[in-house]
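# Chain and residue survey
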Amino acid sequence: MAAAGDGPWLDDAAGRLVRPFTVSNGRTRPTVELDLMSQVMATGATPLGYLGPEHTQALELCRAPLAVAEVAAHLKLPVAVTKVLLADLVDCGALTTKPPVFHHNPTDRALLEAVLDGLRRQL
C-alpha cells in the first residue's frame, strides 16, 4: 500500500483509494468553461483556502501551459472531475486559462478523412 501522503492515494493492488466524485466534493460542473484542449497555466499566485492533494498536483503540472486533457491524464482522473478541480484553481486566481489555438481548420474534411483512415488502419 502507498505511504501516507503519496501521490493521488493509490494502492498498488486496489488502484485509487478515493473515488473521483469525492475529489470534487460531488460537484460535476465547473464554474469556468473549459474544453479538452483549453490551455491552463499557473499564475504564481498563492491560492487561498484549503486545497486537496489533487489541486496541488494539478497546480504543479501547470507550471507550463498544459491542455485540460493532459492534466486529466497525469492526474488519472476523469475529465469532468479534472475540470472542476481546475475551475477551483482559476476561481482562486492560481490558474489562468485560454481557449485552444488552432493552426488549421479543425473541421477540415480532408483532415477528418485522414484521421478516419488512420483509425481504420489501427483496427
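### Observations concerning the sheet that holds strand 4 (residues 66–67)
If you walk across this open sheet you meet the 3 strands as 4-3-5, and the pairing is antiparallel. Since the sheet does not close on itself, it has two edges, and those belong to strand 4 and strand 5 (95–98), each with one partner. Here 4 bridges tie strand 3 (residues 39–42) to strand 5, and the two strands are oriented antiparallel to one another. Bridging from a neighbouring strand, A42 pairs with L95 of strand 5.

### Focus: the side chain of S38
Examined against the element boundaries, S38 turns out to sit in the loop between helix 1 (20–23) and strand 3. Leaving out residues up to four positions away in the same chain, S38 has contacts with L66, A67, V68, T97, K98 and P100.

Criteria and cut-off values
Residues numbered from 1 in each chain as written. Predicted model: local features only at pLDDT ≥ 70, side-chain atom pairs only at ≥ 80, totals over all residues. Heavy atoms only, no water. Pairing = 2+ DSSP bridges. Helix = DSSP H or I, 4+ residues; strand = E, 2+ residues; numbered from the N terminus. Contact = heavy atoms within 4.5 Å.

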